[in-house]
Amino acid sequence: MEENLIILSSINDRWDKDLSITLSRDQKLPDVLHVFLKGRIDAYNAEFFQDRLNKIYLHGFVRLVFRCSSLDYVASAGLGVFASEYQKFTQKGGLFVFFGLQPKVLDVFQILGFAKLFCIAKDLKDVDYFLNNADKAQKKVFPLSFCCPICDKRLTTTKSGHFRCANCRTIISVSETGEVSF
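Structural notes, computed from the coordinates. (Residues numbered from 1 in each chain as written. Predicted model: local features only at pLDDT ≥ 70, side-chain atom pairs only at ≥ 80, totals over all residues. Heavy atoms only, no water.)

Description of the packing of helix α2 (residues 46–58) against helix α3 (residues 76–90)
Then, number 1: Orientation of α2 relative to α3, taken along the N-to-C sense of each, is 20°, at an axis distance of 9 Å. The angle between α2 and α3 falls in the class roughly parallel. When the axes of α2 and α3 are compared, the crossing they make is right-handed. The residues of α3 that touch α2, namely those facing Ala-46, Phe-49, Gln-50, Leu-53, Asn-54, Ile-56 and Tyr-57, are Ala-77, Gly-78, Val-81, Phe-82, Ser-84, Glu-85, Lys-88 and Phe-89.
Then, number 2: For the contact of α2 with α3, a count of residues per class yields 9 nonpolar, 4 polar and 2 charged. (Axes fitted to C-alpha atoms, helices over the stretch in contact; angles between N-to-C directions. Helix = DSSP H or I, 4+ residues; strand = E, 2+ residues; numbered from the N terminus. Parallel < 35°, antiparallel > 145°, perpendicular 65-115°, else oblique. Left-handed = near helix turned anticlockwise from the far one by under 90°. Contact = heavy atoms within 4.5 Å. Nonpolar A, V, L, I, M, F, W, Y, C, P; charged D, E, K, R; others polar.)

Next comes the structure, spelled out in structure tokens:
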């Protein structure tokens, strides 16, 4: 945790028992901050999380890589924090890249359309691509992986259009922007 104190002196002035946040500067791009999340973001600690993101913002970091391999759960309150803070960060040329999302968390991001808003990296090559090609990275929607809104079967599409779920046979529409409806 000393790493946090060196980068942002006030990041450790409060703690949360369910969410640990560790920070690290990118080795190649000094304006990029890696935010390691461990635990869960829910209604009880969403305000704490938003406060930490605000401190990062106030220190001038707007290009963030959220390292989420140890993030077990994100409630709607946590998703609301990501969405509202993203809007603020992008006004200053910011970018949010998510790496290592757990399958259940990734499903929630995709179902709610966050996969089209944020850059979601499958591997470190994707992270580098998004950071070095931010203008192109935001436009990448497909291939899109999502869950059927009826039976929760995991589906993938490479383009927009109307599709039938292989499990429950529901007709699903996927827009050009990656929005899923039925």
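Quick word on the environment of Phe-114
Then, number 1: Inspection of the secondary structure puts Phe-114 in helix α5 (residues 114–117).
Then, number 2: Taking the relative accessible area as the measure of exposure, Phe-114 reaches 12% and is therefore buried.
Then, number 3: Once the C-alpha coordinates of Phe-114 and Ala-83 are considered, the two residues, 31 residues apart in sequence, prove to be 8.3 Å apart.
Then, number 4: Other than its neighbours up to four places away in sequence, Phe-114 contacts Leu-79, Ala-83 and Phe-109. (Buried < 20%, exposed > 50% of the residue type's maximum accessible area, 1.4 Å probe, protein only.)

Considering the sheet that holds strand β2 (residues 32–41)
Then, number 1: On the basis of which strands lie adjacent, the open sheet formed by 5 strands has the order β1-β2-β3-β4-β5 and mixed pairing. Each end of this open sheet is capped by a strand with a single partner; those strands are β1 (19–25) and β5 (119–121). Each adjacent strand pair in this sheet contributes to an overall mean axis angle of 25°, direction not counted.
Then, number 2: Along the sheet, α3 makes contact with β2, β3 (63–74) and β4 (95–99), crossing β3 at roughly 175°. (Pairing = 2+ DSSP bridges.)

It is worth stressing that arrangement in space is one thing and function is another; only the former is reported here.
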